[in-house]
Amino acid sequence: IYDTVITIYGSRFDKKVKTKIEKLLNEKYPSLCKKTNNFDVPQFPGCFYNKPLISAIKSILLSLQNHRNVIITGNDECGKTQLAFWMSKYYNQLNNKDDKTLFYRCTKDIRQADFIGQTVVSKSSNSIGTLVQWKDGFLTIGCKKGLCVVLDCINEAPSTVIERLNAILDEKYDDKDRILEIPECLNTPRVKINDDFRI
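What you see is a predicted model; the values in this text were computed from it and never measured. Each chain carries its own residue numbering, running from 1 in the written order of its sequence. The model is predicted, so local features are restricted to residues of pLDDT at least 70 and side-chain atom pairs to those at 80 or more, both for listing and for counting; the totals for chains, interfaces and linings are taken over all residues. Note: side-chain values were computed over all heavy atoms of the structure, leaving out hydrogens and water.

(A) Representation of helix H3 (residues 51-65) within the structure. Only DSSP runs of H or I reaching four residues or more are called helices, and only runs of E reaching two or more are called strands; each is numbered from the N terminus. The length a helix should cover is 1.5 Å for every residue beyond the first. Helix length check: H3, at 15 residues, gives a terminal C-alpha distance of 21 Å against a target of 21 Å (1.5 Å per residue), a fit within 8%. Residue burial is assigned from relative accessible area. The probe radius is 1.4 Å, only protein chains are included, and a residue is buried under 20% of its type maximum, exposed over 50%, and partly exposed in between. Of the positions making up H3, those classed as buried are Leu53, Ile57, Ser59, Ile60, Leu61, Ser63 and Leu64. Those residues of H3 that are buried are in contact with helix H1 (2-9) and helix H4 (80-94). Any pair of N or O atoms that falls within 3.5 Å is considered a polar contact. Within protein, one atom must be able to donate a hydrogen and the other to accept it, and sequence-neighbouring residues count only if both atoms are side-chain atoms. In this structure Asn50 caps H3, since a side-chain oxygen of it lies 3.0 Å from the backbone nitrogen of Leu53. By the convention used here, residues are in contact when the closest approach between their heavy atoms is within 4.5 Å.

(B) How the structure looks around the environment of Ile116. The residue Ile116 is located in helix H5 (residues 112-116) in this model. Beyond its immediate sequence surroundings of up to four residues, Ile116 is in contact with Trp134, Asp136, Gly137, Thr140, Arg164, Ile168, Leu180, Ile182 and Glu184.

(C) Main features of the state of the cysteines. A pair of sulfur atoms, both from cysteines and within 2.5 Å, is called a disulfide here. Applying the stated criterion across every chain, the model contains 0 disulfides. Its sulfur unpaired, Cys78 is 11 Å from the next cysteine sulfur, which belongs to Cys153. Residue Cys78 is classed as partly exposed on the basis of its relative accessible area of 48%. Looking at Cys148, it has no disulfide partner, and the nearest cysteine sulfur is the one in Cys143, 12 Å off. Looking at Cys148, the relative accessible area reads 5%, which means it is buried.

(D) Seen up close, helix H7 (residues 159-169). For H7, every residue scored as buried is listed here: Val161, Arg164, Leu165 and Ile168. Along the axis of H7, the buried positions cluster into a sector of 100°, meaning they face one direction only. With respect to the buried face of H7, the exposed residues turned more than 90 degrees away are Glu163 and Ala167. Looking at the buried residues of H7, the elements they touch are H5, helix H6 (138-145), strand E4 (149-152) and strand E5 (179-181). Note: the arc covers the axis-to-C-beta directions of the helix.

(E) A look at unusual backbone geometry. Notably, Glu77 is not glycine yet its phi reads approximately 60°, a positive angle. Note that Glu77 resides in the loop between H3 and H4. Its identity is not glycine, yet Cys153 carries a phi of approximately 55°, on the positive side. Tracing the chain through its elements places Cys153 in the loop between E4 and H7.

(F) Representation of the packing of aromatic side chains within the structure. We call Phe, Tyr and Trp rings a pair once their centres come within 6.5 Å, taking the six-membered ring for Trp, and we label the pair stacked below 30 degrees between planes, edge-to-face above 60, and tilted otherwise. Under the criterion given, the structure shown has 5 aromatic pairs. Plain terms: the ring middles of Tyr104 and Phe138 are 4.6 Å apart, the flat faces sit at 5° to each other, and that makes the pair stacked. Of this pair, Tyr104 sits in strand E1 (residues 102-105) while Phe138 sits in helix H6, and the two are 34 residues apart along the sequence. An aromatic cluster is defined as three or more aromatic residues linked by ring pairs; in this entry it consists of Phe44, Trp86 and Tyr90.

(G) Region of the structure containing the side chain of Thr101. For Thr101, the position within the fold is in the loop between H4 and E1. With residues up to four places along the chain from it excluded, the contact list for Thr101 reads Phe85, Ser88, Lys89, Asn92 and Val150.

(H) Structural view of the nonpolar core. Take the buried Ala, Val, Leu, Ile, Met, Phe, Trp, Tyr and Cys residues and link them wherever side-chain atoms come within 4.5 Å; each set so joined is a nonpolar core. Ranked by size, the top nonpolar core spans 23 residues in total, and within it Phe115, Leu139, Leu151, Ile168, Leu180 and Phe197 carry the most contacts. Elements with a contribution of two residues or more to this core: H5, H6, E4 and H7. Apart from the residues lying within four places of it in its own chain, the contact partners of Leu139 are Phe115, Val149, Leu165, Ile168, Phe197 and Ile199.

(I) Structural detail: the pattern of salt bridges. Just to be clear on terms, a salt bridge is a Lys or Arg side-chain nitrogen sitting within 4 Å of an Asp or Glu carboxyl oxygen. Scanning all chains against the criterion turns up 8 salt bridges. With its nearest N and O atoms 3.7 Å apart, the salt bridge here joins Asp109 to Lys108. For Asp109, a relative accessible area of 56% puts it in the exposed group. A relative accessible area of 64% places Lys108 in the exposed class. As a salt-bridge pair, Arg111 and Asp114 come within 3.3 Å of each other at their nearest N and O atoms. By relative accessible area, Arg111 is classed as partly exposed at 42%. A single salt-bridge network, built from bridges that share partners, covers Arg105, Asp152 and Glu156.

Written out as structure tokens, the structure reads:
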């Protein structure tokens with residue numbers, strides 16, 4: 001419970017406020033704050049581990065394992081992109097997926113077609129003589145396969161792309177399947193989102 005409170009709520013505040021929350025929990029609810037030693041820090045090659053990094057890794061894993069997507073923030077050049085890449089790869093390995101990380105660097109020029117997919121000219125014509133075919137975007141591939149996708153510098157993406165992402169990120173807490181709507185794809189306009197999919 002303590003880890004959940006610190007990860008989900010504490011991460012919304014700066015260090016000063018987060019420290020106050022930790023102190024309050026330790027003083028008023030000591031039974032919630034019992035330290036557990038069952039967290040094995042994943043080993044990344046060439047990585048120097050310190051307390052803030054271990055805390056970030058723990059928070060990211062807790063969030064991903066509890067069906068939450070993650071936003072990593074911090075100062076420029078502090079290693080956010082590398083951490084996102086490592087954690088995505090590690091999460092995919094934990095779920096027995098291929099360890100290929102779907103990584104995309106967002107810019108102001110990114111289009112919805114890059115995320116979702118688009119109709120392209122067919123490289124080979126089949127017996128029906130199809131001239132075009134649908135090519136999934138990297139986000140659609142991630143949804144289908146249940147992979148963790150990294151969107152680097154998402155703050156640089158245009159608002160139209162962000163709006164399209166909101167439909168995917170909108171978590172429904174019911175027993176219904178999560179669906180990715182792709183009206184641009186006439187063959188399969190609805191794709192079931194794999195339960196392991198994360199951003």
